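Overview (structure and organization)
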Amino acid sequence: MEEQQSVQRNLALQRQWYGEPLGDRVRRLIVAFRTSQAHIAEVLGISGPMLSQVMSGRRAKIGNPSVLARLVMLERKVLMPGVAAGESEAVAQALEDVRCSRPSLARENNPPVQRANGEESAWPVLREVARPSELELVAELIDGDYPALAELLRRAAAGDSA
């Protein structure tokens, strides 16, 4: 009974700190990358047993900021066109990129919140999930039905406000 209460408390803390239980977030990554929990743990730079404890709520937090940063990086990589399409090369490359990364969560590395106004604030996100050539290709595909969105994608690809 005491362990069950501890797990519930830890899951509540995860919701407060991370927006939802970490198990839910990691399970989505396992499905999106079509891999195992052990492989996700390796990519994140955390032991398999530690990841299991965090996912089950037996531990409340990820103590290493780099591991948390890699988790966020993986979540963003899911949005890359090749990964989203399930292309095995894109999936493997995304996992390897994150595994080899040495991120930090220092304040100066965090993106400013609502610092930029207008569409320019969307460009870094768009450029993170797609190369300029991919943004231009998508712009061509949707131009007939969604010209304003197509133009936004073109400007994001070019990186200017022209």
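These numbers come from a predicted model, not from an experiment. (Residues numbered from 1 in each chain as written. Predicted model: local features only at pLDDT ≥ 70, side-chain atom pairs only at ≥ 80, totals over all residues. Heavy atoms only, no water.)

1. Regarding the overall build of the chain
What counts is decided by this rule: Helix and strand definitions here come from DSSP, where helices need a minimum of 4 consecutive H or I residues and strands a minimum of 2 consecutive E residues; each element is numbered from the N-terminal end. Residue exposure (1.4 Å probe, protein chains only): buried if accessible area is under 20% of the type maximum, exposed if over 50%, otherwise partly exposed. Contact criterion: two residues are considered in contact whenever any of their non-hydrogen atoms come within 4.5 Å of each other. The accessible surface values rely on the Shrake-Rupley method and a 1.4 Å probe; as for residues, cover is taken only from the protein chains in view.
Counting its secondary structure elements, the chain contains 10 helices and 0 strands. Along the chain, helices (α) and strands (β) appear in the sequence α-α-α-α-α-α-α-α-α-α when read from the amino end. For the chain, buried positions account for 34% of its 162 residues. A separation threshold of at least 6 residues defines the contact pool for the chain, and within that pool the share at least 24 residues apart is 62%. Working note: accessible area of the chain is about 10,100 Å², and carbon and sulfur atoms make up 52% of it.

2. Remarks on the side chain of K77
Relative to the elements of secondary structure, K77 occurs in helix α5 (residues 65–77). Judged by its relative accessible area of 17%, K77 falls in the buried class. Setting aside residues no more than four positions away along its own chain, K77 makes contact with F33, V83, A94, D97 and V98.

3. So, the pattern of salt bridges
Counted only if it meets this: A carboxyl oxygen of Asp or Glu within 4 Å of a side-chain nitrogen of Lys or Arg is what we treat as a salt bridge.
For the structure on display, the rule yields 9 salt bridges. Close ionic contact of E20 with R28 constitutes a salt bridge, the shortest N to O distance being 2.4 Å. Relative accessible area serves as the criterion here: at 45%, R28 is assigned to the partly exposed category. Ionic pairing is found between R154 and E151, a salt bridge with its closest N-O pair at 3.6 Å.

4. Concerning the packing of aromatic side chains
Stated formally: Put simply, two rings from Phe, Tyr or Trp (the six-membered ring, in Trp's case) pair if the centres are within 6.5 Å, and we call them stacked under 30 degrees between planes, edge-to-face over 60, tilted for the rest.
In the structure shown here, the tally under the stated rule is 1 aromatic pair. On the basis of an interplanar angle of 85 degrees and a centroid distance of 6.3 Å, the ring pair of W17 and Y18 is categorised as edge-to-face. By relative accessible area, which is 43% here, W17 ends up partly exposed.

5. Overview of the confidence of the model for the chain
What counts, and what does not: Each residue gets a pLDDT score, which is the predictor's confidence in that residue and runs from 0 to 100.
Taken as a whole, the chain shows an average pLDDT of 85; of its residues, 87% reach a score of 70 or greater. Looking across the chain, the model is least confident in helix α8 (residues 123–129), with a mean pLDDT of 77, and most confident in helix α3 (residues 37–44), with 97. Segment residues 108–117 is flagged for pLDDT under 50; beyond a separation of four residues in sequence, or across chains, it makes 3 contacts in the model.

6. As for the nonpolar core
Counted only if it meets this: The set of buried Ala, Val, Leu, Ile, Met, Phe, Trp, Tyr and Cys residues whose side-chain atoms join them within 4.5 Å is what this entry labels a nonpolar core.
Among the nonpolar cores identified, the biggest contains 25 residues, and F33, I40, L44, L51, L71 and L74 are the most heavily contacted of them. Mapped by element, the contributors of at least two residues to this core are α2 (22–32), α3, α4 (48–56), α5 and α7 (88–100). Ranked by residue count, the leading element in this core is α2, at 5 residues. Residues in contact with L51, not counting those within four places in the same chain, are V26, Q37, I40, A41, L44 and I46. Membership of the second largest hydrophobic core comes to 11 residues, among which are W123, V129, A130 and A139.

7. Observations concerning α5
This is how the line gets drawn: Any helix carries an expected span of 1.5 Å times its number of residues minus one.
Relative to the 18 Å expected for 13 residues at 1.5 Å per residue, α5 spans 18 Å between its end C-alpha atoms, a close match to the ideal helical length. Taken together, the buried positions of α5 are occupied by S66, V67, L68, A69, R70, L71, L74 and K77.

8. So, the packing of α3 against α7
Where we set the bar: Note on method: axes are straight lines fitted to C-alpha atoms, helices fitted across the in-contact stretch only, with angles between N-to-C directions ranging 0 to 180 degrees. Reported orientations rely on four angle classes, namely roughly parallel under 35 degrees, roughly antiparallel over 145, roughly perpendicular from 65 to 115, and oblique for the rest. Ten residues, namely Ala, Val, Leu, Ile, Met, Phe, Trp, Tyr, Cys and Pro, are considered nonpolar, four, namely Asp, Glu, Lys and Arg, are considered charged, and the remaining ones, Gly among them, are considered polar.
The interhelical angle for the contact between α3 and α7, taken along N-to-C directions, is 45 degrees, at an axis separation of 7 Å. On the basis of the axis angle, α3 is oblique to α7. Residue-level inspection shows H39, I40, E42 and V43 of α3 in contact with α7, the latter providing L95, V98 and R99. Residues of the contact of α3 with α7, tallied by class, amount to 4 nonpolar, 1 polar and 2 charged.

9. Here's the deal with unusual backbone geometry
A positive phi angle, near 50 degrees, is found at R34, a position not held by glycine. For R34, the position within the fold is in the loop between α2 and α3. Taking relative accessible area as the criterion, R34 reaches 59% and is therefore assigned exposed.

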